[in-house]
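# Examining the three-dimensional arrangement
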Amino acid sequence: MGDSAATAVAKRLYEAFAAGDMDAIAALLGDDVEWVEAESGPYEAGNPHTGMAGVGAGVFGPIGEAYDGFAATPQRFTCEGNRVAAEGRYTGTNKRTGDKLDAQFVHVFTVDGARIKAFQQYTDTHQWRRLEGTLGD
């Protein structure tokens, strides 16, 4: 798989997410994707989240419950073979507190054909935990 083809698959995921197109997201992730949230982040329980059902229940659903206007906006892509790194920012408003989320991220995708086989998130987990009121001592 060429660099541009793998990057195009990752870009399609962001476009589908921005459009709220869960069918397109499910087609890109499939039943066997291994999705890993950042260590110490609010959605790491259950890592790796497997398949669209696991990602929906463990990540997308809880984010939708906690944030209004949530967005994951990529700003730059780097690709080598079938691995794509996307740098960007998460934004949204915490429904409980009204506080604004504006956290950087790096997502690393492993692409196989037209599907994402694996995902690894890196983000500012301290900001997420602070906004969600789940910071430990």
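Overview of the structure. Sequence positions are assigned chain by chain, starting from 1 and proceeding in written order. This being a predicted model, a pLDDT of at least 70 is required before a residue's local features are given, and a value of 80 or more before pairs of side-chain atoms are given or counted; all residues contribute to the totals for chains, interfaces and linings. Derived side-chain values reflect all non-hydrogen atoms in the structure, with water molecules and hydrogen atoms excluded from consideration.

### Observations regarding empty space enclosed by the protein
Cavities and pockets were defined on a 1 Å grid built over protein atoms only: a cavity is a set of grid points that admits a 1.4 Å probe from which the probe cannot escape, a pocket is an open set flanked by protein on both sides within 12 Å along at least five of seven lines, and lining residues are those with an atom within 4 Å of any such point. Grid points are joined across faces, edges and corners, and a volume is the space filled by probe spheres set on the points. Overall, the coordinates contain 1 cavity of 30 Å³ or more when judged by the stated rule. Counted as a void, the largest cavity has a volume near 180 Å³. W35, F60, A72, Y90 and H107 are, among the 17 residues lining the largest cavity, the residues nearest its centre. At the level of secondary structure, the elements contributing two or more residues to the lining of the largest cavity comprise α1 (3-19), α3 (51-66), β3 (67-80), β5 (100-112) and β6 (115-123). Runs of H or I in DSSP of at least four residues are treated as helices and runs of E of at least two as strands, each being numbered from the N terminus.

### Quick notes on the packing of helix α2 (residues 22-29) against α3
All axes here are fitted lines through C-alpha atoms, helices being fitted over the stretch that makes contact, and every angle between N-to-C directions spans 0 to 180 degrees. Closest axis-to-axis distance for the α2/α3 pair is 10 Å, and the angle between their directions is 120°. One way to sum up the angle between α2 and α3 is to call them oblique. The segment α2 lies against α3, with M22, I25, A26 and L29 engaging M52, V55 and F60. In this classification, Asp, Glu, Lys and Arg are treated as charged, Ala, Val, Leu, Ile, Met, Phe, Trp, Tyr, Cys and Pro as nonpolar, and every other residue, Gly included, as polar. Of the residues contributing to the contact of α2 with α3, the split by class is 7 nonpolar, no polar and no charged. Here the word oblique covers every angle except those under 35 degrees (roughly parallel), over 145 (roughly antiparallel) and from 65 to 115 (roughly perpendicular). Every residue pair with non-hydrogen atoms within 4.5 Å of one another is taken to be in contact.

### Focus: unusual backbone geometry
Here the amide bond leading from N47 into P48 is cis, since omega sits at -10°, within 30 degrees of zero. Its place among the elements puts P48 in the loop between β1 (34-36) and β2 (49-50). Phi at S40 is positive, roughly 70°, even though this residue is not glycine. By the element assignment, S40 lies in the loop between β1 and β2.

### Overview of the pairing of strand β4 (residues 83-94)
Looking along a regular strand, one sees the side chains alternate between the two faces of the sheet. Strand pairing is defined by DSSP finding a minimum of two bridges between the two strands. Relative to β4, β3 runs antiparallel, the two being bridged by 11 bridges. Within β4, the position partnered with R76 by the bridge is E87. Connecting the antiparallel pair β3 and β4 is a turn made up of 2 residues, with G81 showing a positive phi of about 65°. Here β4 runs beside β5; their pairing, made up of 11 bridges, is antiparallel. Counterpart to T91 in the pairing with β5 is D102. From the end of β4 to the start of β5, which pair antiparallel, there are 5 residues, and G98 there has a positive phi angle of about 80°.

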